[in-house]
Amino acid sequence: MEKNTLSQDSELLTEIAVAYYQDEITQEEIARKFGISRIKVGRLLKRAREEGIVEINVRYHPVFSTRLEQQLQSRFPQLQRALIALDSPDDEEQRRQVAALVSAHLAQSLKDNAIVAVGQGRNVAAVADYPGQVPTRNCLFISGIGGTHRPGDAINADHISRRLAKKFGGISETLYAPAYVENRALRDAFMQNGTIKETLDRARKADVAIVGIGDMNENSYMVKLGWFTPHEIIDAHVNQGVTGDVAGYDFFNAQGQHVDTVMNDRVIGLSIEELRKIPCVIAIASENTKAMAILGALRTGAIDIVATTAQNIRTILSMSQ
């Protein structure tokens, strides 16, 4: 009985979605046709988008996005692409728009037998979770940073790597190490472990890396996980000029220069120096608060493709004149 109800539910969502998006029937007309309220039609259309029944791809006119991309590339010649999403006042929708561009790029560019190093965080996770059909690729997705058992497992690199592998029909390799340890001696001991070393060595030889760009915020993901205290984050930002991080922990200033902080020797994962040797590093930042962090990340020279918003690109162009 429950299965029949779910099936009827999906059929109704699909029928309403087709009527609105394909047949261009107004929501008022749909409400009269199905004997429901106009408000309920709006809710059902939203649900159809959330469940992947409807997939909306809205893009800027090619001339507009190409112009922004070319301007950014003129400032950063090493940049292969800039994937530029529509600006949205809703954070989740903004993250989804950026993830859609990265997912589409991977669908077009990933080759069979490629190795993909995977970072952590909400923006990278959104790529794995973005709905829609992608071609099967016999790729190895491998964690580029260790994991944590704290709340937030869904945005651990290992969990994201598994979901990406499932999405593209590839396989996933776990980095059997914690992301965070208490001191350098413990980190060095983990790094000497044979299993951990072998996995990181494979990640270092990746063809593609997908990482997030973080900013220095006392409410950041790293603080919520308990890796660093708000005081340590503020001190690094105010007293040492740190503006952001790549891949969750490798910190830099506005000029893209590495900053040696108390936080550097606590995390097990790929560094910016190691990312530089990977042919294609895709860095993602959907939040419009991260323009300064993105600018610093671009100046490190480790980023080959940046995925962000038009507003961030315009801000970066203004700041880098």
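Above this note sits the structure.
Predicted model, so just to flag it, every value in this text is computed and none were measured.

Some thoughts on the overall build of the protein chain
Of the regular secondary structure elements, the protein chain holds 14 helices and nine strands. For a compact globule of 321 residues, the expected C-alpha radius of gyration is about 20 Å, and the protein chain comes in at 21 Å, within 12% of that figure. Overall, the protein chain is about 70 × 50 × 40 Å in size when its C-alpha atoms are taken along their principal axes. Looking at the 321 residues of the protein chain, the share that counts as buried comes to 50%. Relative to all contacts within the protein chain whose residues are 6 or more apart in sequence, the contacts with residues 24 or more apart total 71%. Accessible surface for the protein chain amounts to roughly 15,800 Å². Of this, 49% is attributable to carbon and sulfur atoms.

Quick look at the side chain of Lys290
For Lys290, the position within the fold is in the loop between strand 8 (280–284) and helix 13 (291–299). In this structure the side chain of Lys290 is engaged in a polar contact, spanning 3.1 Å, whose partner is the side chain of Glu287. In contact with Lys290, not counting residues within four places along its chain, are Asn123, Ile213, Gly214, Asp215, Ala285 and Asn312.

Quick word on the packing of helix 2 (residues 27–34) against helix 3 (residues 38–50)
In contact at an axis separation of 8 Å, helix 2 and helix 3 are set at 105° when each is read in the N-to-C sense. It follows from the interaxial angle that helix 2 and helix 3 lie roughly perpendicular. Of the residues in helix 3, those touching helix 2 at Gln27, Glu28, Ile30 and Ala31 are Arg38, Val41, Gly42 and Leu45. The residue makeup of the contact of helix 2 with helix 3, split by class, is four nonpolar, two polar and two charged.

Quick look at the environment of Ala254
Along the chain, Ala254 turns up in the loop between strand 7 (250–253) and helix 12 (272–276). Between the C-alpha atoms of Ala254 and Leu298, which are 44 residues apart in sequence, the distance is 9.6 Å.

Here we look at unusual backbone geometry
Here Asn113, not a glycine, exhibits a phi torsion of approximately 70°, which is positive. Within the secondary structure, Asn113 is located in the loop between helix 5 (91–109) and strand 2 (115–118).

Some points on the environment of Val238
Secondary-structure assignment places Val238 in helix 11 (residues 230–240). The exposure class assigned to Val238 is exposed, which follows from its relative accessible area of 58%. Sequence separation between Val238 and Ala203 is 35 residues; the distance between their C-alpha atoms is 33 Å.

Calculation criteria
Residues numbered from 1 in each chain as written. Predicted model: local features only at pLDDT ≥ 70, side-chain atom pairs only at ≥ 80, totals over all residues. Heavy atoms only, no water. Helix = DSSP H or I, 4+ residues; strand = E, 2+ residues; numbered from the N terminus. Rg over C-alpha atoms; globule rule 2.2 N^0.38 Å. Buried < 20%, exposed > 50% of the residue type's maximum accessible area, 1.4 Å probe, protein only. Contact = heavy atoms within 4.5 Å. Areas by Shrake-Rupley, 256 points an atom, 1.4 Å probe, with all protein chains shown as cover. Polar contact = N/O pair within 3.5 Å; in protein donor to acceptor, adjacent residues only side chain to side chain. Axes fitted to C-alpha atoms, helices over the stretch in contact; angles between N-to-C directions. Parallel < 35°, antiparallel > 145°, perpendicular 65-115°, else oblique. Nonpolar A, V, L, I, M, F, W, Y, C, P; charged D, E, K, R; others polar.

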